[in-house]
Amino acid sequence: MNREQLPSFIKFADAAKSFSTKSALSSPSLHVRRAAAMIHLSIMQMRRGYWKCEAGRHLGQIVPNKYTWRDCIEAWRADAQIQIRLAESTKKSYRPPMDYILLKNGAMAMKATGRQDLRAAHQSHAATPKKADRFLQTVSLLWNFAAEQLDWPLGPNPAKGIKHFGKQREFEPWPEWMVAALQEAPFRVKVLANLILGTGQRPGAAVAMRHDQFRGEWMTVRDEKGKQDLEVYCPHQLRDFIAGIPKKGQHLLSKNLTEPLTYHAAEKSFSEWRRSLGRDAKAYTLHGLRKLSIIQLAEAGASDAEIQAITGQSAEMVAYYRRKANRKMLSKSGQERRE
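Given the structure is predicted, the values throughout are model-derived calculations rather than measurements. Position numbers for residues start from 1 in each chain and track the written sequence from start to end. Per-residue local features are limited, in this predicted model, to residues with pLDDT of at least 70; the limit for side-chain atom pairs, both in listing and counting, is 80 or more; totals at the level of whole chains, interfaces and linings are taken over all residues. Calculated side-chain values reflect all of the structure's heavy atoms, with hydrogen atoms and water omitted.

Q: Sorry, what's going on with the overall build of the protein chain here?
A: The number of helices and strands found in the protein chain is 15 helices and three strands. Within the protein chain, the fraction of its 339 residues that count as buried is 36%. Of the accessible surface of the protein chain, which amounts to about 21,200 Å², a share of 54% is contributed by carbon and sulfur atoms. We count a stretch as a helix when DSSP gives it H or I for four or more residues in a row; a strand needs E for two or more, and each element gets its number in order from the N terminus. For the exposure calls, accessible area comes from a 1.4 Å probe over protein chains only, and a residue counts as buried if that area is under 20% of its type's maximum, exposed if over 50%, partly exposed in between. What sets the accessible areas is the Shrake-Rupley method with a 1.4 Å probe; for residues, cover comes only from the shown protein chains.

Quick look at the structure:
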């Protein structure tokens, strides 16, 4: 049907509607009334279809967008080189913002993304700055991937130059009183805390440690970001602690015989224990134990290279926490001069 025929179609539809209404009123037959109702329904649907055609909104008229956010995300997730290179924790961190983009703008052409709209979306999540910055990072990541790896004609990256909220605070190293409280902590918390403090690993890697990773004075630790296993020296204190852990499976923190406890379950146990210590403990996280490990090594005289070899931390992060350790030691020597 072309546009010239549409007015005639409307006249026909009106006539058919009038006929079906009269038939329904004049006939007592149930079958006739049902048929008239069906005709009336069909006519209404045809009228709606007509006006959609007039407005250019009929499904047959809509041309699907090219270079959409959905196409880009699916291609990124299917790229074998990217998926092999990224750590599981990194891929997991990108999943929520990508799912959010798919839900809100999956069918939208990427080129239609305006810089002002992106800035407004970033600001709308100001209450959760880390989440807001991750969203912006994800948009930039996907845009660069589409432009550089898929050769899509997108133009400038709209996320480039938009100011991030930035890191809200560093993970504070635990105070001595909180470390001392571990003596009375639940089994899960005590084991996990000693593993983080003794190995300098990230909490996620510490939860998954196995008994066979400890062999006398040596232990194998996991560099999650570098995706490699490193053999490092195991201190006496940690060796003695590990020797006292009963074997209930392959892992030090076991879910069953072959699987480790999930990080969520371990973190939940830690949160409950921390709550029992009162408000003063609220600011400290499991990551803070890793920072304390760096400070203790620095205070013991370990070089930056030695600390990096043990903990796998970046040179910048080691330098940051070394300054904290140096300040503490300098304040002690300075105060002792007055005594």
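Q: Is there a simple way to explain helix α13 (residues 286–299) in this structure?
A: Helical geometry note: an α-helix holds 3.6 residues per turn, so side chains three or four residues apart project in the same direction. Any helix carries an expected span of 1.5 Å times its number of residues minus one. Between its terminal C-alpha atoms α13 stretches 21 Å, which fits the 20 Å expected from 14 residues at 1.5 Å a residue. Turning to α13, its buried residues are L286, G288, L289, R290, K291, L292, S293, I294, I295 and A298. G301 sits one or two positions beyond α13 and adopts a positive phi of about 100°.

Q: Would you take a moment to explain unusual backbone geometry for this structure?
A: Peptide bonds are, in most cases, trans, and in most cases residues other than glycine have a negative phi. Phi at Y67 takes a positive value of approximately 55°, unusual for a residue other than glycine. Here Y67 falls in the partly exposed class, since its relative accessible area comes to 32%. The backbone of D151 shows a phi angle near 60°, a positive value even though the residue is not glycine. As for its placement among the helices and strands, D151 is situated in the loop between α7 (129–148) and α8 (176–180). The class for D151 is exposed, based on a relative accessible area of 61%.

Q: Where do I start with helix α11 (residues 236–243) in this structure?
A: Among the residues of α11, those classed as buried are L238, F241 and I242. Take α11 and look down its axis: the buried residues cluster within an arc of 100°, on one side only. Set apart from the buried face of α11 by more than 90 degrees, the exposed residues are H236, D240 and A243. It only takes one pair of heavy atoms within 4.5 Å for two residues to be counted as in contact. Buried residues along α11 sit against α9 (187–199), β1 (214–215) and β2 (218–223). In this description, the arc belongs to the directions extending from the helix axis to the C-beta atoms.

Q: Before we go on, may I ask you to explain the side chain of S269 in this structure?
A: By secondary structure assignment, the location of S269 is in helix α12 (residues 263–276). S269 sits in the buried class, given a relative accessible area of 15%. Leave out the neighbours within four places in its chain, and S269 touches R188 and V189.

Q: Any chance you could explain the nonpolar core here in plain terms?
A: Nonpolar side chains tend to gather and get buried jointly when the protein is soluble and globular. Residues W174, L192, L195, F214, I242, L252 and W273 are the most contacted members of the largest nonpolar core, which totals 36 residues. For this core, the secondary-structure elements that each account for two or more residues are α9, α10 (203–207), β2, α11, α12 and α13. If we ignore the near neighbours within four places in the chain, the residues touching L252 are F187, V191, L195, M209, R210, H211, F214, I242 and I245. Residues grouped as a nonpolar core are buried Ala, Val, Leu, Ile, Met, Phe, Trp, Tyr and Cys residues, joined through side-chain atoms within 4.5 Å.

Q: Where do I start with the side chain of R274 in this structure?
A: Relative to the elements of secondary structure, R274 occurs in helix α12. Charge counting treats Lys and Arg as positive and Asp and Glu as negative, with His and both chain ends excluded. What counts as a salt bridge is simple: a side-chain nitrogen of Lys or Arg found within 4 Å of a carboxyl oxygen of Asp or Glu. Despite its burial, R274 pairs with no opposite charge; the closest candidate is E267, at 4.9 Å N-O. In contact with R274, other than residues within four places in its own chain, are M178, A281, K282, Y284 and T285.

Q: How should I be thinking about the pairing of β2 in this particular structure?
A: Look at any regular strand and the pattern is simple: side chains alternate between the two faces of the sheet. For two strands to count as paired, DSSP must find a minimum of two bridges between them. The pairing of β1 with β2 spans two bridges and is antiparallel. By the bridge assignment, R215 is partnered in β2 with W218. Two elements, β2 and strand β3 (residues 228–233), share six bridges in a ladder whose sense is antiparallel. Of the residues in β3, the one forming a bridge with M219 is V232.

Q: What is the right way to look at the packing of aromatic side chains in this model?
A: Two aromatic rings are characterised by how far apart their centres lie and by the angle between their planes. Two aromatic rings from Phe, Tyr or Trp, using only the six-membered ring of Trp, form a pair when their centres are within 6.5 Å; if the ring planes differ by under 30 degrees the pair is stacked, by over 60 it is edge-to-face, and anything between is tilted. According to the stated counting rule, one finds eight aromatic pairs in the structure shown. Each ring, one from W76 and one from Y94, has its centre 5.8 Å from the other, and the planes form 80°; the classification is edge-to-face. Of the two residues, W76 is situated in helix α3 (residues 69–78) and Y94 in helix α5 (residues 88–105); the sequence distance between them amounts to 18 residues. Both residues of the pair, W76 and Y94, belong to the buried class.

Q: Would you mind going over the sheet that holds β2 with me for this structure?
A: What links the strands of a sheet is backbone hydrogen bonding, and the strands pair in either a parallel or an antiparallel sense. With antiparallel pairing, three strands are arranged side by side in an open sheet as β1-β2-β3. Of all the strands in the sheet, the pair left with one neighbour each is β1 and β3.

Q: Explanation requested: the packing of helix α6 (residues 115–124) against α7 in the structure shown.
A: Each packed pair of helices is defined by two parameters, the angle between the axes and the distance between the axes. Where α6 meets α7, the axes come as close as 8 Å, and the angle between the chain directions of the two elements is 150°. Relative to α7, the element α6 lies roughly antiparallel. Here the hand of the crossing between α6 and α7 comes out right-handed. Of α7, the residues touching α6 (which contributes L118, A121 and H122) are A132, D133, F135, L136 and V139. In terms of residue class, the contact of α6 with α7 is made up of six nonpolar, one polar and one charged. In this analysis, axes come from line fits to C-alpha atoms, helices being fitted only over the stretch in contact, and the angle between any two N-to-C directions falls in the range 0 to 180 degrees. What sets the label is the angle itself: under 35 degrees gives roughly parallel, over 145 gives roughly antiparallel, 65 to 115 gives roughly perpendicular, and the rest give oblique. A crossing counts as left-handed when the near helix is turned anticlockwise from the far one by less than a right angle, and as right-handed when that turn is clockwise. As a working rule, the residues Ala, Val, Leu, Ile, Met, Phe, Trp, Tyr, Cys and Pro are called nonpolar, Asp, Glu, Lys and Arg charged, and the rest polar, with Gly in that last group.

Q: Can you walk me through the confidence of the model for the protein chain in this structure?
A: Regions with low pLDDT carry predicted coordinates that are not meant to be interpreted in detail. Residues of the protein chain with pLDDT of at least 70 account for 77%, and the chain-wide mean is 82. For every residue, the pLDDT score states the predictor's confidence, bounded by 0 at the bottom and 100 at the top. Ranking the helices and strands of the protein chain by mean pLDDT puts α3 first, with 96, and helix α1 (residues 6–26) last, with 49. Segment residues 1–7: pLDDT under 50, and five contacts once partners within four positions in sequence are set aside and those in other chains are kept.

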